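Per-entry structural report
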Amino acid sequence: MSSTPSLSAVCSWSLAPRDPADLIGQLRACGCDAVQLALTPLAEPATGKPDVWSSAGSALRDAGISIVSGMLATVGEDYSSIAAIARTGGVRPDATWPATRARAIKVASVARHLSLRLVTFHAGFLPHDRSDPERQRMLERLREIAGIFAAGDIEIALETGQEPAETLVEALEDLGLASVGVNFDPANMILYGSGDPIAALAKLAPWVKQVHIKDAIASGVAGQWGREVPAGTGQVAWPAFMAGVARCPQRPHWVIEREAGETRIADITAARSLMQRLASVG
């Protein structure tokens, strides 16, 4: 991992690019020279459509853009509501697990080809009760995915938010694998209503391998989505959050993520400026 935070990386899916050239153009418009790359389009080209993403690695490299990490989308995810993603997300559903495992193998191969060292994904809602058989199945599946990526010397990081920090800490302790950590997203804690981001970061700090820069406002209603907003306009206490990340032993990358709104480039540019201002103050 980098010894200093990356202030110019952005999630590729935030820009909804048509192809690598479009991604490069939008990254330049944002003033970004690094990216977390969605790997599923490279691993599984769309059926019946041109394979436009197979050249992404060389195109980004030739443009001087670094790929700081990759992202695996598990099969069948439905984000239409919190209840829907609880049913369909990550490694939790038995019906999609074989396809998710097969996809992980393909994504790991792509990540290895790109010389990546980190891939992130949502594990799915982890049950808190250690005696819950579903929890044991999920941990077994996470161990299997970790092994698939570790074979290529690649670490994995689980997205935060779908369970309280305490539950995720216990799962990480039970897994006991140095190659498995956390992609900490403070907005997800707010969007899912799963806890205060600053307190959660303090608990998860030993495992944090990457951080998403994203902001949100809580719904105030249990089981209902909060609202994602541009960084600096929501409920994330950014100075305290950045101070907490600075104390994380693995010195994680910062990657801007924006998944809502119609002015993505402007919002990402503003988030980058916010992080640069806070970093200069710190």
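Residues numbered from 1 in each chain as written. Predicted model: local features only at pLDDT ≥ 70, side-chain atom pairs only at ≥ 80, totals over all residues. Heavy atoms only, no water.

Observations concerning the packing of helix 7 (residues 165–175) against helix 9 (residues 197–204)
- Contact geometry of helix 7 with helix 9 gives a least axis separation of 9 Å together with a crossing angle of 15°. For the element pair helix 7 / helix 9, the angle class is roughly parallel. Crossing geometry of helix 7 relative to helix 9 is assigned as right-handed. Counted together, Ala165, Glu166, Leu168, Val169 and Leu172 of helix 7 and Ala200, Lys203 and Leu204 of helix 9 form the full contact between these two elements.
- For the contact of helix 7 with helix 9, the residue count by class is 6 nonpolar, no polar and 2 charged. (Axes fitted to C-alpha atoms, helices over the stretch in contact; angles between N-to-C directions. Helix = DSSP H or I, 4+ residues; strand = E, 2+ residues; numbered from the N terminus. Parallel < 35°, antiparallel > 145°, perpendicular 65-115°, else oblique. Left-handed = near helix turned anticlockwise from the far one by under 90°. Contact = heavy atoms within 4.5 Å. Nonpolar A, V, L, I, M, F, W, Y, C, P; charged D, E, K, R; others polar.)

Notes on the nonpolar core
- One finds Phe149, Phe184 and Leu204 to be the most contacted residues of the largest nonpolar core, which totals 77 residues.
- In terms of residues, this core owes the most to one element, helix 6 (residues 133–150), which gives 7 residues.
- Leaving out residues up to four positions away in the same chain, Phe149 has contacts with Leu72, Ala104, Val107, Ala108, Val119, Ile154 and Ile156. (Core = buried A, V, L, I, M, F, W, Y, C linked by side-chain atoms within 4.5 Å. Buried < 20%, exposed > 50% of the residue type's maximum accessible area, 1.4 Å probe, protein only.)

Notes on the side chain of Ser194
- If you trace the backbone, Ser194 turns up in the loop between helix 8 (186–191) and helix 9.
- At a separation of 2.8 Å, a polar atom in the side chain of Ser194 contacts the main-chain carbonyl oxygen of Gly161.
- Ignoring any residue separated from it by four or fewer positions in sequence, one finds Ser194 in contact with Gly161, Glu163, Pro164, Asn188 and Met189. (Polar contact = N/O pair within 3.5 Å; in protein donor to acceptor, adjacent residues only side chain to side chain.)

Focus on empty space enclosed by the protein
- Using the criterion set out here, one finds 2 cavities of 30 Å³ or more in the structure.
- Forming the walls of the largest cavity are 13 residues, and the residues nearest its centre are Ile213, Ala231, Glu257, Arg258 and Ala271.
- Elements with a contribution of two residues or more to the lining of the largest cavity: strand 9 (227–229) and helix 11 (264–281).
- Residues of the lining of the largest cavity, tallied by class, amount to 7 nonpolar, no polar and 6 charged.
- Volume-wise, the second largest cavity comes out at about 30 Å³.
- Forming the walls of the second largest cavity are Ala123, Gly124, Leu126, Leu158, Glu159, Gln162, Glu163 and Leu168.
- Class assignment for the residues of the lining of the second largest cavity results in 4 nonpolar, 2 polar and 2 charged. (1 Å grid on protein atoms, 1.4 Å probe; cavity = no way out; pocket = protein on both sides within 12 Å on 5 of 7 lines; lining within 4 Å. Points joined across faces, edges and corners; volume = space filled by probe spheres on them.)

Quick notes on the environment of Leu139
- As for its position among the elements, Leu139 is in helix 6.
- Sequence-distant contacts of Leu139, defined by excluding residues within four places in its chain, comprise Ala171, Asp174 and Leu175.

What about the packing of aromatic side chains?
- In total, this model carries 5 aromatic pairs according to the counting rule given.
- An angle of 40° between the planes, with centres 5.7 Å apart, marks the rings of Phe184 and Phe241 as tilted. Placement of the pair is Phe184 in strand 6 (residues 180–184) and Phe241 in helix 10 (residues 238–246), with a sequence separation of 57 residues.
- Of the residues examined, Phe184 reaches a relative accessible area of 0% and is grouped as buried.
- Residue Phe241 is classed as buried on the basis of its relative accessible area of 0%.
- Among the aromatic side chains, those forming a connected cluster through ring pairs are Phe184, Trp238, Phe241 and Trp254. (Phe/Tyr/Trp six-rings, centres within 6.5 Å; stacked < 30°, edge-to-face > 60°.)

Quick word on helix 1 (residues 20–30)
- Every buried residue of helix 1 is accounted for by Pro20, Asp22, Leu23, Ile24, Gln26, Leu27 and Cys30.
- Its buried side turned inward, helix 1 meets strand 1 (9–11), strand 2 (34–38), helix 3 (56–62) and helix 11.
- Two or three places before Ala21, at the opening of helix 1, Asp19 has a side-chain oxygen 3.2 Å from that residue's backbone nitrogen.
- Once helix 1 ends, the next one or two residues include Gly31, with phi positive near 75°.

Points about the environment of Ala104
- Here Ala104 shows up in helix 5 (residues 97–113).
- Once you skip the residues sitting within four places of it in the chain, Ala104 turns out to touch Leu72, Ile145, Ile148 and Phe149.

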